[in-house]
Amino acid sequence: MGSLQSSPSHQDYVDLAEKTGFSFEQISILHKRFKQLSHNEDKLRREHFGQITDLHANPIREQIVEAFFDRRNFYQEIEEPVSEISFENFLVVMSNFRPPSDNMSQEKLVKVRKEKLRFLFNMHDTDKDGTITLEEYRHVVEELLSYYEALETETARGIADAAMLEVASITRGHMEPDEFYEGITFEHFLKLLEGFDIESRMNIRFMNMDTTTLCKLECRNKVCSE
Amino acid sequence: MAGLGSECSRRLAGCVSLLLLVFVAVIVSASPDAATGANETLRHPSGHSLDDSHDHPRNSSEHRKAFPVLAFNYEHVSKPFVISLWILLALLMKLGFHIIPRVSHIVPESCLLIFVGLLVGGVIKAMDQTPPVLDTKLFFLYLLPPIILDAGYFLPIRPFTENMGTILVFAVVGTLWNAFFIGGMMFAVCQIEAARVGHVDLLSCLLFGSIISAVDPVAVLAVFEEIHINELLHILVFGESLLNDAVTVVLYHLFEEFAHEGTVTVGDALLGVVSFFVVSVGGVMVGVIYGVLGAFTSRFTSHSRVIEPLFVFLYSYMAYLSAEVFHLSGIMSLIACGVIMRPYVEANISHKSYTTIKYFLKMWSSVSETLIFIFLGVSTVEGPHNWNWIFVIFTLILCLLSRVLGVVGLTFIINKFRIIKLTKKDQFIVAYGGLRGAIAFSLGFLLTDTEKKDMFLTAIITVIFFTVFVQGMTIRPLVELLAVKKKKESKASINEEIHTQFLDHLLTGIEDICGHYGHHHWKDKLNRFNRTYVKKWLIAGDRSSEPQLISFYNKMEMKEAMMLVESGSAAKLPSLASAASLQNAQQRAPPKQRAIPSISKTREQEIRKILRANLQKTRQRLRSYSRHDLFSDPFEDSMSEIRFRKQRVQMERRMSHYLTVPANRQETPSARKVWFEPEHKVYTYDESESPRDGAALETLPDTVSLLSESPQRPGQSSRLRKRGDAEQSANAPDSQEEPQKLSRCFSDPGPKEEEEEGEG
């Protein structure tokens, strides 16, 4: 928190709060974390995520990190991935994990649910073509099972295959002989996870208190925040 | 038609009541016989040896009796006889209720059972006999544990741990509030002159409050099971009823001790607080120890499968008894034992043992519950009662009031910490579901001070009756009226499981990025610890490193196979296919190409490997036969066969391009049981049926790959090579026509010859 970085004005926070729905305290805490990760720089890069030691054990860390650099999550249309993100982008991605507020109307809840499912969909759809193909889904399952070293890839494939078939049966039902199933589109994805109450599950408790200093970071260079 | 039906049911009802009367008469006549028999044997101790127990007193005359061909000797078996008779009565009642469908739909079973108990008690009393009362020892040592074990073993862990904070607050703080509020207010009430209960001092009132404040798990289970409410509310009320046992135990002992002393000092209160922690944590520790022991033992039972279920039951019961020895919370110990033991035991034991455990637990808990309610009714008739209008009425009002206030107040505080807030509707159901039951009665029965005891017991019984009858009967229409969310009948879906796991990791990752160690972080750490260390110790063989997704998947396959056997026809198949992929292998360039179903050969080999391993295991078991071995159950052996056959059928289905799976899976008419139900429902299967099409399918070619995903291996059958060639040539030019051709070839799932014809 040195003199290198001028703290953002209250006005910026207001804009961000309006855009993402976070409270001021939450934004300032997240900003602190952002600066801690980026070593007080303005932009966050992929290597910065690599410092988080706890993330190493996560089987889907690549997808998680990629999600932060995915343009679709910033609601922009350009296709190429970015290499560095600003605090605003960071916050926008984080806002996907905000719990829905209590007094939300039904339509708003549906909208929130759709947004969260869209986020998940984007995570699976790595080639950004709008459908989750079998290969991509297989990749997901393999990653989930990558904890277990002794596993054959065939098992993972089998599970992914079964899952795809289930999707097809749910969304398409009976298929004619000359039909084929390209992949899971977003509508199919929505239908698939109909029974899955994602709006209550995909949430993180964003603290109003500052606990970032408790979290350890691997300090590669000597410039570490306190 | 309707008239006939009602006449039938009326006749049956008449039969049932007749049987009931017969039973009661037998029981009643049995008891005095036992008494007189005992007296007689006492009178003639010398002339008898143990195996010579005749009814007639042996007189000293020289008259030589003829050898008695038929003798009546009842007191020898009186005790087990009476017990069995009671249990039989209880079960017949249970049967009887479902014959009269309309009644059982409106009135919950618990009410009906209490009513029956009242009837029986009344009949016995009318015959001037003393009916058996719900003895405290009987209740706490024999009737309660099966119910709690059943609840704990099948406790849904995920919602329980997610709502643990809320449940604990309700259980501890809520019960404390209830106890003190009721006790205090009752003391104030007792000061009223008109009540003539001025002799009841504060401590006795607090004791009374502590007895009646606890929500009862038996009653909650009995009522909530029938209304199928959503998971969150169910686990909140149920979890609270289980965890408040520690508070109840401590408060009860505390006040009972000091009711004699007369005063409570601050020091004693502090000791009470300490004792609470000791009781609860100690109980849990005892349960954990026994749970780990049980899991460890189950690791070595692969050679004596028959006794596997016994280990589960005995270790759990020992946990309960050991906790009771030290006055720790037996219920919490039992729950902890079941929860800890279950994942490891289930990975180790055979499928049959798993079914046995499920069946037995359900059976025992059902019998226990029935007996408890009947005895409650009988004990009510027995008395002794001391009916004091003001005391009882005020108790009732205060119970309801304190419950509502407690729930509302606590929810207000809890909602600040919850992500998913509890709505007003939820609060109402939680408050309304606070039923009292037999535990309160038994604790009241344990009281020693007879004067107040009768009055307390009367009040307790009134409250129990009110909650069970009024609240139990009205909760179902209220749930409908308020449109409370019901339990989702969710099918076990592999996609949901994948996404559940995915979400877990995702949220853990986001928490790490955010930099705070939250809920998911610790859960993840626990899981990792579990996987790396604990599982290796407690799970036998190579299943210790099996990922959860795989076990889930295998379980689904198992259920599918069972269902297939049951339905007996391969015509309608579930959609779960393990050996087909709908899309083209990506080697074939742009992914938008036309997809042709193909079966991965390597996948099929792997399935075969698994099945072969299963078959080997069953064969090993069969090799040595002794009386203590199970007969080779044709079902379990053939299950692998069935599974294999099913795979083949599915492969062959895929070949014909059809995804003939019904969108909803539950339409197989001949299947009599429901599948994909939550875990703790019990499956049954009809062993007489077997897949009829099995024979026809065995002739299918071993491997079929319409698209060679893997390079051709040497030593394949000639037919395969032919097919492979055919498709190789067809691959290049027109992919459009190919599937049509192939589909025409394979669309007829007939015997071998036809396929060859089609191809040729």
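Residues numbered from 1 in each chain as written. Chains lettered and ligands numbered in written order. Predicted model: local features only at pLDDT ≥ 70, side-chain atom pairs only at ≥ 80, totals over all residues. Heavy atoms only, no water.

Student: Outline the overall build of chain A, listing residues and values.
Tutor: Of the regular secondary structure elements, chain A holds 10 helices and two strands. When the helices and strands of chain A are listed from N to C terminus, the series reads α-α-β-α-α-β-α-α-α-α-α-α. The buried share of chain A, taken over its 226 residues, is 52%. A separation threshold of at least 6 residues defines the contact pool for chain A, and within that pool the share at least 24 residues apart is 60%. As displayed, chain A offers around 10600 Å² of accessible surface, 51% of which is attributable to carbon and sulfur atoms. (Helix = DSSP H or I, 4+ residues; strand = E, 2+ residues; numbered from the N terminus. Buried < 20%, exposed > 50% of the residue type's maximum accessible area, 1.4 Å probe, protein only. Contact = heavy atoms within 4.5 Å. Areas by Shrake-Rupley, 256 points an atom, 1.4 Å probe, with all protein chains shown as cover.)

Student: Help me get a handle on the overall build of chain B, residues and values and all.
Tutor: Summing up its helical and strand segments, chain B has 27 helices and zero strands in all. Considering only intrachain contacts with a sequence separation of at least 6, the fraction spanning at least 24 residues in chain B is 80%.

Student: Residue-level account of helix α13 (residues 330-348) of chain B, with values.
Tutor: Residue and element names in this part refer to chain B. For α13, built from 19 residues, the straight-helix expectation of 27 Å at 1.5 Å per residue is met to within 8% by its first-to-last C-alpha distance of 26 Å. The largest bend along α13 measures about 45° and falls at Arg342, with the proline Pro343 one to four residues further on. Burial within α13 is extensive, with 16 of its 19 residues counted as buried. (Expected span 1.5 Å × (residues − 1). Bend = angle between axes of the 7 residues up to and from the residue.)

Student: Could you give me a rundown of a nonpolar patch on the surface, with the residues and numbers involved?
Tutor: Residues and elements named next belong to chain B. Together, Val306, Ile307, Leu310 and Leu314 make up a nonpolar patch on the protein surface, roughly 340 Å² of accessible area in all. With respect to the element layout, Leu310 can be found in helix α12 (residues 308-325). For Leu310, a relative accessible area of 47% puts it in the partly exposed group. (Patch = residues over 30% accessible without salt bridge, like charges linked within 9 Å, V, L, I, M, F, W, Y side chains within 5 Å. Salt bridge = Lys/Arg side-chain N within 4 Å of Asp/Glu carboxyl O.)

Student: Quick rundown of the side chain of Ser95 of chain A? Include the residues and the values.
Tutor: As for its placement among the helices and strands, Ser95 of chain A is situated in the loop between α5 (87-94) and α6 (106-124). Taking the relative accessible area as the measure of exposure, Ser95 of chain A reaches 18% and is therefore buried.

Student: Before we move on, can you summarise the packing of aromatic side chains with the specific residues and values?
Tutor: All names here are of chain B. One pass over the structure, following the stated rule, counts 25 aromatic pairs over all chains. Between Phe72 and Tyr74 the ring centres are 6.4 Å apart and the planes differ by 10°, which places this aromatic pair in the stacked class. Taking relative accessible area as the criterion, Phe72 reaches 55% and is therefore assigned exposed. What makes Tyr74 buried here is its relative accessible area of 9%. Taking the centre distance of 5.2 Å and the plane angle of 85° together, the rings of Phe296 and Phe300 count as edge-to-face. (Phe/Tyr/Trp six-rings, centres within 6.5 Å; stacked < 30°, edge-to-face > 60°.)

Student: Let's hear about the nonpolar core: which residues, and what values?
Tutor: In this structure, Phe139, Leu144 and Phe224 of chain B are the most contacted members of the largest nonpolar core, which totals 133 residues. Looking at which element gives the most residues to this core, the answer is helix α10 (residues 231-261) of chain B, with 16 residues. For Phe224 of chain B, the contacting residues outside a window of four places in its chain are Ile229, His234, Val237, Ile429, Gly433 and Ile475 of chain B. In terms of nonpolar packing, the next biggest core, distinct from the first, is built from 67 residues, Ile27, Leu30 and Tyr137 of chain A together with Leu507 of chain B among them. (Core = buried A, V, L, I, M, F, W, Y, C linked by side-chain atoms within 4.5 Å.)

Student: Go over the environment of Leu37 of chain A with me, naming the residues and quoting the values.
Tutor: Residue position: Leu37 of chain A is located in helix α2 (residues 24-38). In this structure the C-alpha to C-alpha distance between Leu37 of chain A and Glu47 of chain A, which are 10 residues apart in sequence, comes to 9.7 Å.

Student: Explain the confidence of the model for chain A to me, and be specific about the residues and the numbers.
Tutor: All names here are of chain A. Looking at chain A as a whole, its pLDDT mean stands at 72, while 73% of the residues score no less than 70. Ranking the elements of chain A by mean pLDDT puts helix α8 (residues 153-171) last with 73 and α6 first with 83. This model gives residues 218-226 a pLDDT under 50, and the stretch forms 11 contacts once residues within four places in sequence are excluded. (pLDDT = per-residue confidence, 0-100.)

Student: Lay out the packing of α2 of chain A against α5 of chain A with the relevant residues and their values.
Tutor: Residue and element names in this part refer to chain A. α5 packs onto α2 with a crossing angle of 120° between their chain directions and a minimal axis gap of 11 Å. Taken together, the axes of α2 and α5 lie oblique to each other. Handedness of the α2/α5 crossing: right-handed. Across the interface between the two elements, Ile27, Leu30, His31 and Phe34 from α2 touch Phe87, Phe90 and Leu91 from α5. Across the contact of α2 with α5, the residue classes break down as six nonpolar, one polar and no charged. (Axes fitted to C-alpha atoms, helices over the stretch in contact; angles between N-to-C directions. Parallel < 35°, antiparallel > 145°, perpendicular 65-115°, else oblique. Left-handed = near helix turned anticlockwise from the far one by under 90°. Nonpolar A, V, L, I, M, F, W, Y, C, P; charged D, E, K, R; others polar.)

Student: Requested: an account of the confidence of the model for chain B, with residues and values cited.
Tutor: Residue and element names in this part refer to chain B. Of all residues in chain B, 62% attain a pLDDT of 70 or more, and the chain-wide mean is 70. Least confident of the elements in chain B is helix α24 (residues 694-697), whose mean pLDDT is 35; most confident is α12, at 92. Note that pLDDT drops below 50 for residues 655-760; the model gives that stretch 181 contacts with residues more than four away or on any other chain. Across the predicted assembly, pTM comes out at 0.69 and ipTM at 0.86.

Student: Please give an account of the environment of Pro146 of chain B that cites residues and values.
Tutor: Residue and element names in this part refer to chain B. Relative to the helices and strands, Pro146 is located in helix α5 (residues 136-153). Given the relative accessible area of 15%, Pro146 is considered buried. For the pair formed by Pro146 and Ser368, sequence separation is 222 residues and the distance between their alpha carbons is 7.1 Å. Every residue in contact with Pro146, bar those within four places of it in the chain, is listed here: Trp364, Ser365 and Ser368.

Student: If you had to explain the side chain of Ser86 of chain A to someone new, which residues and values would you point to?
Tutor: Residues and elements named next belong to chain A. Tracing the sequence through the fold places Ser86 in the loop between β2 (84-85) and α5. Classification of Ser86 by relative accessible area gives buried; the value is 18%. Those residues within four positions of Ser86 in sequence are excluded, and the remaining contacts are Phe34, Asp42 and Lys43.

Student: Account for the pattern of salt bridges, with residues named and values stated.
Tutor: All names here are of chain B. By the definition in use, this model includes 11 salt bridges over all chains. In this structure, Arg305 engages Glu308 in a salt bridge whose closest nitrogen and oxygen atoms are separated by 2.8 Å. In this structure, the salt-bridge partner of Arg342 is Glu346, at a minimum N-O distance of 2.9 Å. Highlighted residues: Arg342 and Glu346, both in helix α13, separated by four residues, approximately one helical turn.

Student: Mind laying out the packing of helix α4 (residues 61-68) of chain A against helix α19 (residues 494-514) of chain B, listing which residues take part and the relevant values?
Tutor: Packing of α4 of chain A against α19 of chain B leaves a shortest axis separation of 10 Å and a crossing angle of 60°. On the basis of the axis angle, α4 of chain A is oblique to α19 of chain B. Every pair of crossing elements has a handedness; the one defined by α4 of chain A and α19 of chain B is right-handed. Of the residues in α19 of chain B, those in contact with Gln63, Ile64 and Phe68 of chain A of α4 of chain A are Phe502, His505, Leu506, Gly509, Ile510 and Ile513 of chain B. Residues belonging to the contact of α4 of chain A with α19 of chain B are distributed by class as follows: six nonpolar, three polar and no charged.

Student: Before we move on, could you go through unusual backbone geometry and cite the residues and values that matter?
Tutor: Of note in this structure, His39 of chain A is not a glycine but carries a positive phi near 55°. Tracing the backbone through its elements, the reader meets His39 of chain A in the loop between α2 and β1 (44-45). Exposure remark for His39 of chain A: the relative accessible area of 17% places this residue in the buried category. Not every positive phi belongs to a glycine, and His228 of chain B is a case in point at roughly 50°. Looking at the element boundaries, His228 of chain B is found in the loop between α9 (217-227) and α10.

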